[in-house]
Amino acid sequence: MNTLLDWRPAADTQGDRLALQNFECTTPKPSYGEPHPRPWEWDVQADIRQRLLKDTARHAQRDQRLLIADDDDGLAAVVAHAQMKECPSEINVPPGVPIRLLVVIAVANRHRRNGGAFADHALVECLYDILDREQGSDHIVVVTKIDFRNLPSMALAQRNGLELEVPGDENDPLGWWYLNLYR
Ligand SMILES: CC(C)(COP(=O)(O)OP(=O)(O)OC[C@H]1O[C@@H](n2cnc3c(N)ncnc32)[C@H](O)[C@@H]1OP(=O)(O)O)[C@@H](O)C(=O)NCCC(=O)NCCS
């Protein structure tokens, strides 16, 4: 597996639009009436396909960045992050330390179930881009929301040193995770 991918910001071109619209990071929708085995993954895929490029343009003032990487078979991974003004009070952010929201991370199905190295690479790439965008800061707090049923995503977070601060549950599925990122 080649993890030395060429990452770049997604562009509002027909090529990138089509690639995002067809990105597959979860199992296909089951036949009519059947529930998806992981609807939270289906929602992430739908966001990537339908909204992420437009949302990124809309959140330019928050420096939202949508980064993509191709392999020989097309779009291989997607990450996005953006500045955040505030996060839940449970997460300790010292005064003056910027907060970055990891908006989304997803790898194409062909790179899933491979032990996680590819997903780790995508996350590290995202963290490097955050450092690059926050040149004036030696310390950045990276936060992200993960559905408490999304086990692969929580495993990815844990492997890479993120900590769960506000757990999700049946009523409010999105838990808050954070990482102190130092230059
Ligand atoms: C989050 C993500 C990047 C993590 O990737 P990863 O670390 O490579 O982890 P995997 O997706 O391979 O999942 C790990 C485990 O989940 C289970 N799993 C994954 N896909 C599965 C499938 N299609 N069927 C059954 N089990 C599956 C397996 O137990 C797998 O472990 P294994 O590698 O020992 O088989 C990836 O799961 C992903 O792109 N998910 C879809 C988008 C998403 O939900 N993003 C997070 C919120 S933004």
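See the structure shown above.
Residues numbered from 1 in each chain as written. Predicted model: local features only at pLDDT ≥ 70, side-chain atom pairs only at ≥ 80, totals over all residues. Heavy atoms only, no water.

### A closer look at the overall build of the protein
Here is step 1: Looking only at helices and strands, the protein features five helices and seven strands.
Here is step 2: Starting at the N terminus and walking to the C terminus, you meet the elements of the protein as β-α-α-α-β-β-β-α-β-α-β-β.
Here is step 3: Burial status across the protein gives 46% buried among its 183 residues.
Here is step 4: Long-range contacts, defined as pairs at least 24 residues apart, comprise 64% of the intrachain contacts of the protein with a sequence gap of at least 6.
Here is step 5: Surface accessibility of the protein: about 10,400 Å² in total, with carbon and sulfur atoms responsible for 49%. (Helix = DSSP H or I, 4+ residues; strand = E, 2+ residues; numbered from the N terminus. Buried < 20%, exposed > 50% of the residue type's maximum accessible area, 1.4 Å probe, protein only. Contact = heavy atoms within 4.5 Å. Areas by Shrake-Rupley, 256 points an atom, 1.4 Å probe, with all protein chains shown as cover.)

### Details of helix α2 (residues 39-50)
Here is step 1: Under the 1.5 Å per step criterion, the end-to-end length of α2 is 16 Å for twelve residues, consistent within 8% with the ideal 16 Å.
Here is step 2: What α2 keeps buried is the set Trp 40, Glu 41, Gln 45, Ala 46 and Ile 48.
Here is step 3: Taken together, the buried residues of α2 touch α1 (14-21), α3 (52-58), β3 (74-84), β4 (99-107), β5 (139-147) and α5 (151-159). (Expected span 1.5 Å × (residues − 1).)

### What about the layout of surface pockets?
Here is step 1: Considered as a void within the structure, the largest pocket measures approximately 1,300 Å³ in volume.
Here is step 2: In terms of lining residues, the largest pocket is bounded by 46 residues, among which Val 44, Val 104, Ile 105, Asn 150 and Ser 153 are the most central.
Here is step 3: Where the lining of the largest pocket is concerned, the elements lending two or more residues are α2, α3, β4, α4 (117-133), β5 and α5.
Here is step 4: Of the residues that constitute the lining of the largest pocket, the class distribution is 22 nonpolar, twelve polar and twelve charged.
Here is step 5: Counted as a void, the second largest pocket has a volume near 300 Å³.
Here is step 6: Lining the second largest pocket are 19 residues, with Asp 12, Arg 17, Leu 52, Leu 53 and Lys 54 sitting closest to its centre.
Here is step 7: Broken down by secondary-structure element, the contributors of at least two residues to the lining of the second largest pocket are α1, α2 and α3.
Here is step 8: Sort the elements by how many residues they give to the lining of the second largest pocket and α3 lands first, with five residues.
Here is step 9: Partitioned by chemical class, the residues of the lining of the second largest pocket number ten nonpolar, four polar and five charged. (1 Å grid on protein atoms, 1.4 Å probe; cavity = no way out; pocket = protein on both sides within 12 Å on 5 of 7 lines; lining within 4 Å. Points joined across faces, edges and corners; volume = space filled by probe spheres on them. Nonpolar A, V, L, I, M, F, W, Y, C, P; charged D, E, K, R; others polar.)

### Digging into the nonpolar core
Here is step 1: Counting 28 residues, the largest nonpolar core has Trp 7, Val 79, Leu 123, Leu 127, Ile 130, Val 142 and Leu 181 as its most contacted members.
Here is step 2: Elements with a minimum of two residues in this core: β2 (65-71), β3, β4, α4, β5, α5 and β7 (174-182).
Here is step 3: Take this core: its biggest share by element is eight residues, from α4.
Here is step 4: When sequence neighbours within four positions are dropped, the list of residues in contact with Leu 127 reads Val 142, Leu 179 and Leu 181.
Here is step 5: Counting residues in hydrophobic clusters, the runner-up holds 15 residues, among them Ala 10, Leu 53, Ile 68 and Leu 75. (Core = buried A, V, L, I, M, F, W, Y, C linked by side-chain atoms within 4.5 Å.)

### Concerning the pairing of β7
Here is step 1: Relative to β7, β5 is paired through nine bridges, and the arrangement is antiparallel. The residue of β7 that forms the bridge with Thr 144 is Trp 177.
Here is step 2: The sheet contact formed by strand β6 (residues 163-166) and β7 spans three bridges and is antiparallel. Paired with Glu 163 across the strands is Tyr 178, a residue of β7. (Pairing = 2+ DSSP bridges.)

### A few points about the site of the ligand
Here is step 1: The immediate surroundings of the ligand are formed by 17 residues, with Arg 38, Ile 105, Val 107, Arg 112 and Arg 113 found nearest.
Here is step 2: Within the side chain of Arg 38, an N or O atom sits 2.8 Å from a nitrogen atom of the ligand.
Here is step 3: Here an oxygen atom of the ligand sits 2.6 Å away from a polar atom, N or O, in the main chain of Arg 113.
Here is step 4: In isolation the ligand exposes 920 Å². Once the protein is present, 74% of that is buried.
Here is step 5: The pocket occupied by the ligand, as judged from atoms lying within 2 Å of grid points, is the largest pocket.
Here is step 6: Elements that contribute at least two residues to the shell around the ligand include exactly α2, β4 and α5.
Here is step 7: Considering each element in turn, the shell around the ligand owes the most residues, four residues, to β4.
Here is step 8: By residue class, the composition of the shell around the ligand is eight nonpolar, four polar and five charged. (Near = heavy atom within 4 Å. Polar contact = N/O pair within 3.5 Å; in protein donor to acceptor, adjacent residues only side chain to side chain. Sits in = over half its atoms within 2 Å of the grid points.)

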